[in-house]
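Structural overview for review
Listed below are the residues making up each chain.
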Amino acid sequence: MADLGSALPTGSTALSAEDRAGLVNALKDKLQHLAGQQSGFLDSLSPAVKNRVSALQEFQSKHDELEAKFFEERAALEAKYQKLYEPLYTKRFEIVNGITDVESKDEPGNNTSTDENREEGVPEFWLTAMKTNEVLSVQITDRDEGALKYLKDIKWCRIDNPKGFKIDFYFDTNPFFKNSVLTKTYHMIDDNEPILERAIGTEIDWYPGKNLTQKLMKKKPKKGAKNAKPVTKTEQCESFFNFFSPPQVPDDDEELDEETAENLQDLMEQDYDIGSTIRDKIIPHAVSWFTGEACQLDELEDVDEEDDEDEEDGDEDEDEDEEDEDDEDEEEEEEDVKPRKSRQPAPKKGSIVQRSGPAGEQPPECKQQ
């Protein structure tokens, strides 16, 4: 218990010393409370069961040691392959941006393009790749496309202090903003679990009148107003570039009502979903997203998941149908038995008793096939 502070995940170094001390104390209180509960529960077990639980705890400790090694080796393996990917990403960058070219696969004489009308690289490569992805396409507006056409490359890397990752967007000189690189950084509580502490984006240095995250609204003056000029108002609008102005987590001292807290949580989850999509899907498989192949694979995966869900639902429906049939069989058996136990009362004079079958049995239900 005394070494709890040093046992905290390294991602917690993002916290201040005061917050860290408070977290340690809170964890100590929680562990002491749980330890008391656990002790009382274990004491209620028989000696034989308690001995088996003790053996299971030893197995659990060995499992946790192996899991720690797994995370360590996974990080090393990931770092190793990131270095192997790098030359391929460099070649992709050079071809996309027209720095180097590839030999034409056309037969000699078929390539009639001249130096004057020849296109360099792969125009709108990253814009097309991002628009093909379902998560990102809804974030990109028509106005955004003009700026995203100047996107030359996207890279990501892990960061250690604090733990997390960052994504760099490299832009060519453009008429929208002065920045050549826009960066989004994610600070994680735990590097092995997607627990987001906060996100930070580059402040975009927009050229006058070119801010894609804002729009000018002109409101007509009310009738009879002294000032007949329209009122111009700047409002925030939807844009992919809002990605660089992520939702901010308030200080601990600020109290949030439940609705505000839920909205903030939704915004943070959406923001992380966009970032992780770019990191895990777009960057490593950009060519497949550009050609649309990755989109088709995604759709196939979605269909497989839906089929699995339908099969599960089908099994549940079959179980329910079987239960319904069993219930119907039981009801029919009860109806068969009841007339034998009780006599039908004599009909009153002038009344009509409708008998559908022998001994007053009800006719079987007619089910449409």
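Residues numbered from 1 in each chain as written. Predicted model: local features only at pLDDT ≥ 70, side-chain atom pairs only at ≥ 80, totals over all residues. Heavy atoms only, no water.

1. Observations regarding the packing of aromatic side chains
Under the counting rule described, the total for this entry stands at 22 aromatic pairs. An aromatic cluster is defined as three or more aromatic residues linked by ring pairs; in this entry it consists of Phe169, Phe171, Phe177, Trp206, Phe240, Phe241, Phe243 and Phe244. For lysine 184, the ring lying beneath its charged end belongs to phenylalanine 243, and the centroid distance is 3.5 Å. Sitting over the ring of phenylalanine 176, lysine 210 keeps its end group 5.8 Å from the ring centre. (Phe/Tyr/Trp six-rings, centres within 6.5 Å; stacked < 30°, edge-to-face > 60°. Lys NZ or Arg CZ within 6 Å of the ring centre and 35° of its normal.)

2. Here we look at the pattern of salt bridges
What the rule picks out here adds up to seven salt bridges. Notably, a salt bridge pairs lysine 149 with glutamate 124, separated by 3.8 Å at the nearest N-O pair. Taken together, the residues span a long stretch of sequence, with lysine 149 in the loop between helix H6 (142–148) and strand E1 (151–160) and glutamate 124 in the loop between helix H3 (47–96) and helix H4 (125–132) at a distance of 25 residues. Given a relative accessible area of 35%, glutamate 124 falls into the partly exposed group. A salt bridge links lysine 184 to aspartate 271, with the shortest nitrogen-to-oxygen separation between them at 2.6 Å. With lysine 184 in strand E3 (residues 181–190) and aspartate 271 in helix H7 (residues 258–282), the pair connects residues that are 87 residues apart, well separated along the chain. There is no split in this pair, since lysine 184 and aspartate 271 are both buried. (Salt bridge = Lys/Arg side-chain N within 4 Å of Asp/Glu carboxyl O. Helix = DSSP H or I, 4+ residues; strand = E, 2+ residues; numbered from the N terminus. Buried < 20%, exposed > 50% of the residue type's maximum accessible area, 1.4 Å probe, protein only.)

3. Notes on empty space enclosed by the protein
As enumerated under the stated definition, the model contains one cavity of 30 Å³ or more in all. Volume-wise, the largest cavity comes out at about 30 Å³. Forming the walls of the largest cavity are Leu196, Ala199, Pro246, Pro247, Met268 and Asp271. Elements with a contribution of two residues or more to the lining of the largest cavity: strand E4 (195–201) and H7. When its residues are assigned to classes, the lining of the largest cavity shows five nonpolar, no polar and one charged. (1 Å grid on protein atoms, 1.4 Å probe; cavity = no way out; pocket = protein on both sides within 12 Å on 5 of 7 lines; lining within 4 Å. Points joined across faces, edges and corners; volume = space filled by probe spheres on them. Nonpolar A, V, L, I, M, F, W, Y, C, P; charged D, E, K, R; others polar.)

4. A short note on the side chain of asparagine 179
Note that asparagine 179 resides in the loop between strand E2 (163–171) and E3. Classification of asparagine 179 by relative accessible area gives buried; the value is 16%. One polar contact links the side chain of asparagine 179 to the main-chain carbonyl oxygen of glutamate 203, over a distance of 3.4 Å. Contact partners of asparagine 179, with chain neighbours within four places excluded, come to Phe171, Thr202, Glu203, Ile204 and Asp205. (Polar contact = N/O pair within 3.5 Å; in protein donor to acceptor, adjacent residues only side chain to side chain. Contact = heavy atoms within 4.5 Å.)

5. Overview of the sheet that holds E1
Pairing is antiparallel in the open sheet, where four strands are placed in the order E1-E2-E3-E4. Each of the sheet's edge strands pairs with one partner strand only, and the pair in question is E1 and E4. Along the sheet, successive strands turn relative to each other by an average axial angle of 15°, direction set aside. Direction of pairing for E1 relative to E2: antiparallel, over a ladder of nine bridges. Bridge assignment links tryptophan 156 to a residue of E2, and that residue is isoleucine 167. Relative to the sheet, H7 contacts E1, E2, E3 and E4, its axis offset from that of E2 by approximately 65°. (Pairing = 2+ DSSP bridges. Axes fitted to C-alpha atoms, helices over the stretch in contact; angles between N-to-C directions.)

6. Here's the deal with the environment of glycine 292
Mapping glycine 292 onto the fold places it in the loop between helix H8 (286–291) and helix H9 (293–341). Residue glycine 292 is classed as buried on the basis of its relative accessible area of 15%. When the C-alpha positions of glycine 292 and threonine 128 are compared, they lie 9.2 Å apart, and in sequence the two are 164 residues distant.

7. Structural notes on unusual backbone geometry
Note the cis peptide between asparagine 161 and proline 162, where omega equals 0°. Relative to the helices and strands, proline 162 resides in the loop between E1 and E2.

8. Focus: a nonpolar patch on the surface
Residues Leu77, Tyr81, Leu84, Tyr85 and Leu88 make up a contiguous nonpolar surface patch of roughly 500 Å² in combined accessible area. As for its position among the elements, leucine 88 is in helix H3. (Patch = residues over 30% accessible without salt bridge, like charges linked within 9 Å, V, L, I, M, F, W, Y side chains within 5 Å. Areas by Shrake-Rupley, 256 points an atom, 1.4 Å probe, with all protein chains shown as cover.)

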